[in-house]
Each structure stands twice: as structure tokens, then as C-alpha cells.
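# Observations on chain architecture
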Amino acid sequence: MRVLLVLLILIVLGAIKLPMERDLAVIHRQEHFRGVEFNLDLREKLGQLGFIAALSGFRAIVADALFIQAHVAWERTEWSRVLLLFRHVTTLQPRSILFWDMAAWHMAWNASVAAMNDRAQPRLALRVKAQREYFALGKDFLERGIKNNPDRPELYETLARLYREKYKDHERASEFFAKAAALPGAPRYNRRFSAYELSYCEGREREAYDRLHQLYNESEKERLPTLITRLKFLENKLGIPQDERIPDRAP
């Protein structure tokens, strides 16, 4: 009887909120809110009460509960369960940057390291394969997170770091640091990091040099050790005339 009463209350609340949620749907679409995919798979994983709660407008509560479960699964290194739970968490709350970022971090950084160090798997090739699969899962979370939050710089930056640190793809890293830098509220270092990454790309040295040199001329605050080092490297590689080079930094 208690279960039936809870279900009845949730259904009534859902019916009351339905007209308001219809009006909000247009705003959600304008803000790139992709919505929740309420399908049979999600119904089976959330359970009956959880699924009805989600339908009734309690998505945030259900998502937070699943997020806590995902944290517990991470502590137990139950990577398949972490993946499953974060898929549901991000489906329920697609506009939460934290959930997408944490999901990618667990897959591309934590689970990938665990797979590479898995003593139960003696074959290196299979460990590398598992590692790369986790890289791909992390990338997928970030790409889908960006689709739901194209106006926020955080996930672009995280995807740039993934390309830089996991794939060693400097060109793609530069691209996504630049995309992050172009958005309101982005940290200033994203623009600098984009130029750094470009300086490692064969065939794009002149473009990288111009961007780094522009940063150098903009402000004394931009003249950080890494920028000076990369700029000096490019001056030598491009054969920049001595009188056009930046001065050596004093010891």
C-alpha cells in the first residue's frame, strides 16, 4: 500500500507539472538542452520508482543518487558499473558540466590506468587495447557533453587535455583549447595552451610562431617560461633573423 501511495503521489505531481514542462521545452531546445531519453533500457536500470520519479520531474534527485552510487563503484574499481551509472546520470542531467567531466575523468584517466596496470591480464597488447577503449569512452562523454553544452568552455578544455595527454594529438588539442578560449568566461591560459600545442605540429610552425609572438607582444604577463622556450625553439627551426628574435631572458 505504501508503494502504491508513493506512486500515486508522484503521478499526480507529474500531471500538475506537465503543462509547465511543456512551456519549458521550447526554452530547453533553445539552450541546447537535449532532453532525457526515457526508454525501456533506462526504465530497467533505474527501477520502477526511480523511473517514475524521473518522469515526475525529480531528475536532479535521481541523478544525484546515481552519482553517489557511481562514486562508490569507483572506490571499488567496478569500472563497468561506473560507466553504466554515469551514462544514466548524464542522460538525466545533460546540462550538468560536472557529471560529463567526472564521467570522462573516470574512463579516460582512472579506468585506462587500471586497465594498463591489470596484473590479471598478462598480454600487453590486450591491456593497451582496453586502455584505448577507455580513452574512447572518455572522449565520447566529452563530445556528447559539448553537444548539450556548446556555450560552456570547460568541456572543450577537458577534451583538449585528453587529446594532449592520452592521444598525443597536438593538433586536435590546439583546436579544442582554441574553441574553449573563444567562449565567454574561459580562462586566459586556453589561448596560450592552444598556441603551445600548435608549436608541436609539423608544418604549422609558422602559424604557431605568429600566435606565440603575438601573445609575447601583448603583455609582460604572457611572457612565461614555457612561452619563451617554445618561441625560442620556433625561432631556430624557422631561421628567424637574429635582429627579429626576442631577447634572451636574463638569468
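Everything discussed here concerns the structure shown above.
I will try to describe carefully the structure that is included in this document. None of these values were measured; they are calculated from a predicted model. (Residues numbered from 1 in each chain as written. Predicted model: local features only at pLDDT ≥ 70, side-chain atom pairs only at ≥ 80, totals over all residues. Heavy atoms only, no water.)

## A look at helix 6 (residues 124-148)
What counts is decided by this rule: The secondary structure listing takes helices from DSSP runs of H or I that are at least 4 residues long and strands from runs of E that are at least 2 residues long, numbered from the N terminus. The span expected for a helix works out to 1.5 Å for each residue beyond the first. Throughout, exposure labels follow a simple rule: accessible area from a 1.4 Å probe, protein chains only, divided by the maximum for the residue type, with under 20% read as buried, over 50% as exposed, and the rest as partly exposed. Residue contacts are counted whenever heavy atoms from the two residues lie within 4.5 Å of one another.
With 25 residues, helix 6 extends 37 Å from end C-alpha to end C-alpha; this agrees with the ideal 36 Å at 1.5 Å per step. Along helix 6, the positions that sit buried rather than exposed are Arg 127, Gln 131, Tyr 134, Phe 135, Gly 138, Phe 141, Leu 142, Gly 145, Ile 146 and Asn 148. Tucked inside the fold, the buried residues of helix 6 contact helix 4 (79-92), helix 5 (97-116) and helix 7 (154-165).

## A few points about the nonpolar core
Spelled out, the test is: Here, nonpolar core refers to any group of buried Ala, Val, Leu, Ile, Met, Phe, Trp, Tyr and Cys residues whose side-chain atoms link them within 4.5 Å.
Of all hydrophobic cores here, the largest spans 53 residues; its most connected members are Met 107, Phe 141, Leu 212, Leu 227 and Leu 231. The biggest single contributor to this core is helix 5, with ten residues. In this structure Phe 141 touches Leu 83, Phe 86, Arg 87, Thr 90, Trp 100, Ala 103, Ala 104 and Met 107, once residues within four positions along its chain are discounted.

## Some details on the packing of aromatic side chains
Keep this limit in mind: The rule is short: rings of Phe, Tyr and Trp, with Trp giving its six-membered ring, pair when the centres are within 6.5 Å, and they are stacked under 30 degrees, edge-to-face over 60, tilted in between.
The tally for this structure, following the rule as stated, stands at ten aromatic pairs. Aromatic side chains Phe 67 and Phe 86 sit 5.8 Å apart centroid to centroid with 80° between the ring planes, which places their arrangement in the edge-to-face category. Here the residue Phe 67 occupies a position in helix 3 (residues 59-75), and Phe 86 occupies one in helix 4, the gap between them amounting to 19 residues. Residue classification places Phe 86 among the buried positions, given a relative accessible area of 2%. Arranged with centres 5.9 Å apart and planes meeting at 55°, the rings of Trp 74 and Trp 105 form a pair that is tilted. With Trp 74 in helix 3 and Trp 105 in helix 5, the pair connects residues that are 31 residues apart, well separated along the chain. You can call Trp 74 partly exposed: its relative accessible area is 26%. One aromatic cluster in this structure is built from Phe 135, Tyr 163, Tyr 167 and Phe 176.

## Some remarks on the pattern of salt bridges
Let me state the cut-off plainly: By salt bridge we mean one thing: a side-chain nitrogen of Lys or Arg within 4 Å of a carboxyl oxygen of Asp or Glu.
Across all of its chains, the model carries 20 salt bridges by this definition. Arg 95 serves as the salt-bridge partner of Asp 151, at 3.5 Å between the closest nitrogen and oxygen. Of the two residues, Asp 151 is situated in the loop between helix 6 and helix 7 and Arg 95 in the loop between helix 4 and helix 5; the sequence distance between them amounts to 56 residues. Note on Asp 151: relative accessible area 37%, which makes it partly exposed. Accessibility expressed as a relative area gives 27% for Arg 95, which makes it partly exposed. Through salt bridges with shared partners, a single network forms among Glu 171, Arg 204, Glu 207 and Arg 211.

## Description of unusual backbone geometry
Of note in this structure, Thr 77 is not a glycine but carries a positive phi near 50°. By the secondary structure assignment, Thr 77 is in the loop between helix 3 and helix 4. On the accessibility criterion, Thr 77 (48% relative accessible area) is partly exposed. For Lys 168, which is not glycine, the phi dihedral falls at a positive 55°. Within the secondary structure layout, Lys 168 lies in the loop between helix 7 and helix 8 (170-181).

## As for the packing of helix 7 against helix 8
If you want to describe how two helices pack, look at the angle between their axes and the distance between the axes. Here is the rule we go by: Every angle, taken between N-to-C directions, lies between 0 and 180 degrees, and every axis is a line fitted to C-alpha atoms, over only the stretch in contact when it is a helix. For classification, angles of less than 35 degrees are called roughly parallel, those exceeding 145 degrees roughly antiparallel, those between 65 and 115 degrees roughly perpendicular, and all remaining angles oblique. Should the near helix be turned anticlockwise from the far one by less than a right angle, the crossing is left-handed, and should it be turned clockwise, the crossing is right-handed. Residues are grouped as follows: Ala, Val, Leu, Ile, Met, Phe, Trp, Tyr, Cys and Pro are nonpolar; Asp, Glu, Lys and Arg are charged; all remaining types, including Gly, are polar.
The N-to-C vectors of helix 7 and helix 8 enclose an angle of 165°; their axes lie 8 Å apart at closest approach. Between helix 7 and helix 8, the interaxial angle falls into the category roughly antiparallel. The two elements helix 7 and helix 8 meet at a crossing, and its hand is left-handed. Contacts between helix 7 and helix 8 involve Tyr 156, Glu 157, Leu 159, Ala 160, Arg 161, Tyr 163 and Arg 164 from the former and Arg 172, Ala 173, Phe 176, Phe 177, Lys 179 and Ala 180 from the latter. Across the contact of helix 7 with helix 8, the residue classes tally to eight nonpolar, no polar and five charged.

## Thoughts on the environment of Ala 111
Within the element layout of this structure, Ala 111 appears in helix 5. Under the relative-accessibility criterion, Ala 111 is labelled buried at 0%. Remark: the alpha-carbon pair of Ala 111 and Ser 80, spanning 31 residues in sequence, is separated by 9.5 Å. With residues near it in sequence (within four places) discarded, Ala 111 still touches Trp 79, His 106 and Tyr 134.

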